[in-house]
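Descriptive structure summary
Residue strings, one per chain:
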Amino acid sequence: EVAEIEDVALRYLDFVKKAQVSSSRILVIGTGVVGHGLVDGLMKRGCSCVWAYHEHLPDVRPECASRIRVIRLGEMPEVLKDIDVVISAVPVEEPLLTRSCHTPMLNPKGTLFIDLGMPHNIDPALDGGSTVVVGLDELKNWIRQGNGTFSRADALCTQVLEEHREFYDRILSSIRGE
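Numbering of residues begins from 1 in every chain and follows the order in which that chain's sequence is written. Per-residue local features are limited, in this predicted model, to residues with pLDDT of at least 70; the limit for side-chain atom pairs, both in listing and counting, is 80 or more; totals at the level of whole chains, interfaces and linings are taken over all residues. Values reported for side chains reflect all heavy atoms of the structure, with hydrogen atoms and water molecules removed beforehand.

1. Thoughts on the overall build of the protein
By the criteria applied, helices consist of DSSP H or I runs no shorter than four residues and strands consist of E runs no shorter than two, each listed in order from the N terminus. From N to C terminus, the protein includes 7 helices and 6 strands. Burial classes: relative accessible area under 20% of the type maximum marks a residue as buried, over 50% as exposed, and values in between as partly exposed (1.4 Å probe, protein chains only). Every one of the 178 residues in the protein was classed for burial, and the buried ones make up 40%. Residue contacts follow a heavy-atom distance rule, with two residues in contact if any of their heavy atoms lie within 4.5 Å. Sequence-distant contacts in the protein: of pairs separated by 6 or more residues, those separated by 24 or more amount to 56%. Every accessible area reported is derived by Shrake-Rupley at a probe size of 1.4 Å, with residue values counting cover from the shown protein chains alone. Of the roughly 10500 Å² of accessible surface on the protein, a fraction of 55% belongs to carbon and sulfur atoms.

2. What about the side chain of N121?
Note on placement: N121 falls in the loop between β5 (111–115) and β6 (131–134). A relative accessible area of 0% means that N121 is categorised as buried. Within the local environment of N121, its side chain forms a polar contact with the side chain of S88, the two groups lying 2.8 Å apart. Non-local contacts of N121, meaning those with residues more than four positions away in its chain, are made with S88, A89, V90, V92, P95, L96, L97 and D115. Under the rule applied, a polar contact is a pair of N or O atoms within 3.5 Å (in protein, one hydrogen donor and one hydrogen acceptor; residues adjacent in sequence only if both atoms are side-chain atoms).

3. Some details on the environment of V70
Residue position: V70 is located in strand β3 (residues 68–72). For the pair V70 and W51, spaced 19 residues apart in the sequence, the C-alpha separation amounts to 4.8 Å.

4. Details of the pattern of salt bridges
Here, a salt bridge means any side-chain nitrogen of Lys or Arg that lies within 4 Å of a carboxyl oxygen of Asp or Glu. In the structure shown here, the tally under the stated rule is 6 salt bridges. Note that K81 is salt-bridged to D82, the shortest N-O span being 3.2 Å. One connected set of salt bridges, linked through shared partners, spans D40, R61 and E63.

5. Brief notes about the packing of aromatic side chains
Given two aromatic rings, one states the distance between the centres and the angle between the planes to describe the pair. Only centres within 6.5 Å qualify two rings of Phe, Tyr or Trp (six-membered ring in Trp) as a pair; their planes then separate them into stacked at under 30 degrees, edge-to-face at over 60, and tilted for everything else. Counting across every chain of the model gives 2 aromatic pairs. Measuring from centroid to centroid gives 5.3 Å for Y12 and W142, while their planes differ by 90 degrees, and the two rings are edge-to-face. Within this pair, whereas Y12 is found in helix α1 (residues 5–17), its partner W142 is found in helix α5 (residues 136–147), the two being separated by 130 residues in sequence. On the basis of relative accessible area, Y12 is assigned to the buried category, the value being 13%. Aromatic side chains F15 and W142 sit 5.5 Å apart centroid to centroid with 55 degrees between the ring planes, which places their arrangement in the tilted category. A residue pair is termed long-range when its members are at least 10 positions apart, and F15 in helix α1 and W142 in helix α5 qualify at 127 residues.

See below:
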């Protein structure tokens with residue numbers, strides 16, 4: 001199955017947050033193609049979000065304006081304590097959010113970080129306790145486990161066929177008139 005990375009991230013968010021997605025307080029970092037795809041996907045799910053940009057102010061559709069708060073990257077520390085989920089997809093050389101600088105600013109109830117950056121946008125060292133950091137490798141593994149594809153169903157079907165191979169072979173022989 002081929003999917004855009006923003007679709008995989010949003011499916012993962014749906015999986016982890018279940019029915020709580022629309023009530024989650026979500027920060028999207030990045031206004032490129034992926035950032036736009038994330039925000040569009042969140043709007044389709046009925047979510048509200050904070051959308052952080054560096055240089056390119058995003059063009060927010062009028063019908064979504066009441067559900068999107070646009071901020072500059074420098075304003076992130078002011079909103080982090082109220083955020084449940086951060087999804088980041090920006091081209092940076094160093095992480096935007098680090099353990100040493102941002103841990104005290106995070107939501108005390110916990111934050112899920114979904115890092116779509118390469119290299120990392122989110123310092124993996126932030127992971128721990130009530131803070132969870134999921135990067136591209138974790139998303140790939142999650143998809144491979146069958147949470148977003150048919151691979152688990154395929155593996156189960158193969159297992160069932162192997163367990164009952166003799167029975168199925170007899171049925172096929174009977175149909176063929178052998």
